[in-house]
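Fold and geometry: a report
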Amino acid sequence: MDTFRYTALSRDGKKVSGVMEGINQMDAVARIKEEYPVVVHIAPEKEQSWGSSFLAMDINGNRLNDKAFTLMCSQFAVILKAGIPIARTVRLICQKMTDNTLKKLLNKVADDVEAGRSLAASFADRGSRILPVTFLETVRAGEESGNLDAAFASASEHYTKQMKLRGKVRGAMISPTFVIALSVVVVIVLMVKVVPTFMDIFASQGEELPAITMSLIVISNFFRRFGFVLLPLVLALIIGVKIYGNTESGRLKLAILQLKLPILGNINSLSAASQFANTLAMMLGAGLPLTKAVSITSRAISNYYISTEVSKVAGELENGHSLGSSLRSADVLPDILVDMTAVGEESGELEFTLGMTAEYYDSELEAATAAALARLEPFTLVFMGAIAGYIVIAIYVAMFSMYNGM
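This structure is a prediction, so every number in the text was calculated from the model and none was measured.

A few words on the overall build of the protein. A tally of regular secondary structure across the protein gives 16 helices and 3 strands. The buried share of the protein, taken over its 406 residues, is 40%. In the protein, the share of contacts with a sequence separation of at least 24, taken over all contacts with a separation of at least 6, comes to 62%.

In C-alpha cells form, the structure reads like this:
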C-alpha cells in the first residue's frame, strides 16, 4: 500500500485535507471519493528522512499493537451496545487505553467526534496509516446502517481470529529460528576461534597437511580476513531488495516470485486465500455491496500480485460478470475457493459459504506452516551436523598424519 496526501471538497463545499492509502493513485482517489465528492489535489506522501523519522518516533514505535487493537474493537462493541453516545464511548476507551499509539489516535478521534464529525471519517483521516482498510470500511458501513455496535463486534471477532492464527504461526517459528541462529553462531565461533588454534599447532610441526585439512584452513582464513565484510554485504543486499521492491515492477515481480518458491509458494497462496475469504465475508456481513466489498478485500491481501488481480475483479463485477467467473478468469486463487465462492453466489449464501471456506483455509495455512517448519528443523540439524563432522574429520586426519610422522 502507498500513502497519498490529498485535498478535497466535502458535500457542503468545505475544504478538507488528509492522507489515504491505496494500491495506486487511482485506487486512493476512488477511496477518497467515497467520502468527499471532489478531489482537488493528491500526491504521494514523501518519505521522511532516516534522521527525522528516528527523532519523531516514539519509544514503542508507530506500529499497530494487534492485541490492543482487538481489545479496542471489543470495547467499542460492548459500550455502544449499552447505549452510550459515540463521543462519550471514544473518550472512555481513550482514557483506559494503555497502548500509546492508539491512545493518541483515539484522543484526536474523540475531539473530532465531539466537534460533530463522523467516527468513520475521523478514523480514516487520523489513522489511515496504521488502521486496516477493512476496519475503516466496516466502521463506515456500520455508521451508515445504524448498526455501529454490530460492526465493531464483527471487527473484533475477525481480528481476534486473525491474531490467534498469526500467534500460532509465530509460535511454530520460534524453535527453528532459534536452532538456525544458534547454528550460525557456532559455525562462526568454530571458524574464527577454534579452528585457527588447531591450525597453528599443525603448522608448527612443519608436516604436509591432508587436502581436507587444507580446505578447512582456506575457509577459516577467509572468515577471519573477510568476515567483517560479509555483514555489510548482506545488509546492502537486503536494502537493495527493499528499494527494488518499492518500485511498481519490482513489487510485482517479487510478489510473483513469492508464489513460485518451493513450499513457501504454497504457504503464500493459502495465506492469500484465507485473507480473501475472511475479509470478503466480513465486508459482506457489514452490509457493503459486492463490488465495493471485493475492492476493499483486494487491499487486504498481502501478496501484491494477487491483490492487483483481485482488484480487477471488481471491474468485472461492474460489467455484469459473476464473482465466480471473474475469479476463475483471474486464476490467482485456489480452485476450491473459487468453486465454493461460485456455489455461495448462486445459492444466495455467499457470506456463510465464505465463512466456512475461510475456516478451511485457516486450518490449511496453519498445517502447511507447521509442516514446512517441521521439515526445516531436521534439515538444519543435518546441515549443521555435516559441517561439524567436516571440521572434526579435518582436524583428526591432520592429527593422525602428524602422529604418524613422529
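Turning next to the packing of helix 6 (residues 119–127) against helix 7 (residues 133–145). Helix 7 packs onto helix 6 with a crossing angle of 165 degrees between their chain directions and a minimal axis gap of 8 Å. One finds that helix 6 runs roughly antiparallel with respect to helix 7. In this structure, the crossing between helix 6 and helix 7 has a hand that is left-handed. Contact with helix 6, carried on its side by Leu-119, Ala-120, Phe-123 and Ala-124, involves Phe-135, Leu-136, Val-139, Arg-140 and Glu-143 of helix 7 and no other residues of that element. For the contact of helix 6 with helix 7, a count of residues per class yields 7 nonpolar, no polar and 2 charged.

The biggest cluster of nonpolar side chains holds 67 residues, and the ones touching the most others in it are Phe-76, Leu-119, Phe-123, Phe-135, Phe-152 and Leu-333. The biggest single contributor to this core is helix 11 (residues 264–285), with 11 residues. Setting aside residues no more than four positions away along its own chain, Phe-76 makes contact with Thr-89, Val-90, Ile-93, Leu-106, Leu-119, Phe-123 and Phe-152. Formed by 13 residues, the second largest nonpolar core is a distinct cluster that contains Met-199, Ile-217, Ile-387 and Ala-398.

Considered for burial, the residues of helix 1 (residues 25–33) that qualify are Asp-27, Ala-28, Arg-31 and Ile-32. Buried residues in helix 1, looked at end-on, bunch into an arc of 135 degrees, giving them a common side.

Moving on to the environment of Met-163. Among the secondary structure elements, Met-163 is positioned in helix 8 (residues 148–205). Judged by its relative accessible area of 25%, Met-163 is partly exposed. With 97 residues separating them in the primary sequence, Met-163 and Asp-66 have C-alpha atoms 6.6 Å apart. Beyond its immediate stretch of four places on either side in the chain, Met-163 contacts Asp-66, Lys-67 and Thr-70.

On to the side chain of Ser-271. One can find Ser-271 in helix 11. Setting aside its immediate chain neighbours within four residues, Ser-271 contacts Ser-302 and Leu-365.

Using the criterion set out here, one finds 7 aromatic pairs in the structure. Note on Phe-76 and Phe-123: the rings are 6.2 Å apart at their centroids and 70 degrees apart in plane angle, and the pair reads as edge-to-face. Of this pair, Phe-76 sits in helix 3 (residues 66–81) while Phe-123 sits in helix 6, and the two are 47 residues apart along the sequence. Through successive ring pairs, a cluster of aromatic residues spans Phe-69, Phe-76, Phe-123, Phe-135, Phe-152 and Tyr-159.

Mapped onto the secondary structure, Asn-268 falls in helix 11. We classify Asn-268 as partly exposed; its relative accessible area is 23%. When the C-alpha atoms of Asn-268 and Gln-258 are compared, they prove to be 6.9 Å apart, with 10 residues separating the residues in sequence.

Let us now look at the pattern of salt bridges. For the structure shown, the criterion picks out 10 salt bridges. Of the charged contacts, one joins Asp-112 and Arg-126 as a salt bridge, the two residues approaching to 2.9 Å between their closest N and O atoms. With a gap of 14 residues between them, Asp-112 in helix 5 (residues 100–114) and Arg-126 in helix 6 connect regions that are remote in the sequence. In this structure, Glu-137 and Lys-292 form a salt bridge, with 3.8 Å as the shortest nitrogen-oxygen distance.

Our next topic: a nonpolar patch on the surface. Together, Ile-180, Val-184, Ile-188, Leu-376, Phe-379 and Phe-383 make up an exposed nonpolar region whose accessible area comes to about 530 Å². Where the nonpolar patch is concerned, the elements lending two or more residues are helix 8 and helix 16 (350–404). Structurally, the position occupied by Phe-383 is in helix 16.

Conventions and cut-offs
- Residues numbered from 1 in each chain as written.
- Predicted model: local features only at pLDDT ≥ 70, side-chain atom pairs only at ≥ 80, totals over all residues.
- Heavy atoms only, no water.
- Helix = DSSP H or I, 4+ residues; strand = E, 2+ residues; numbered from the N terminus.
- Buried < 20%, exposed > 50% of the residue type's maximum accessible area, 1.4 Å probe, protein only.
- Contact = heavy atoms within 4.5 Å.
- Axes fitted to C-alpha atoms, helices over the stretch in contact; angles between N-to-C directions.
- Parallel < 35°, antiparallel > 145°, perpendicular 65-115°, else oblique.
- Left-handed = near helix turned anticlockwise from the far one by under 90°.
- Nonpolar A, V, L, I, M, F, W, Y, C, P; charged D, E, K, R; others polar.
- Core = buried A, V, L, I, M, F, W, Y, C linked by side-chain atoms within 4.5 Å.
- Arc of directions from axis to C-beta.
- Phe/Tyr/Trp six-rings, centres within 6.5 Å; stacked < 30°, edge-to-face > 60°.
- Salt bridge = Lys/Arg side-chain N within 4 Å of Asp/Glu carboxyl O.
- Patch = residues over 30% accessible without salt bridge, like charges linked within 9 Å, V, L, I, M, F, W, Y side chains within 5 Å.
- Areas by Shrake-Rupley, 256 points an atom, 1.4 Å probe, with all protein chains shown as cover.

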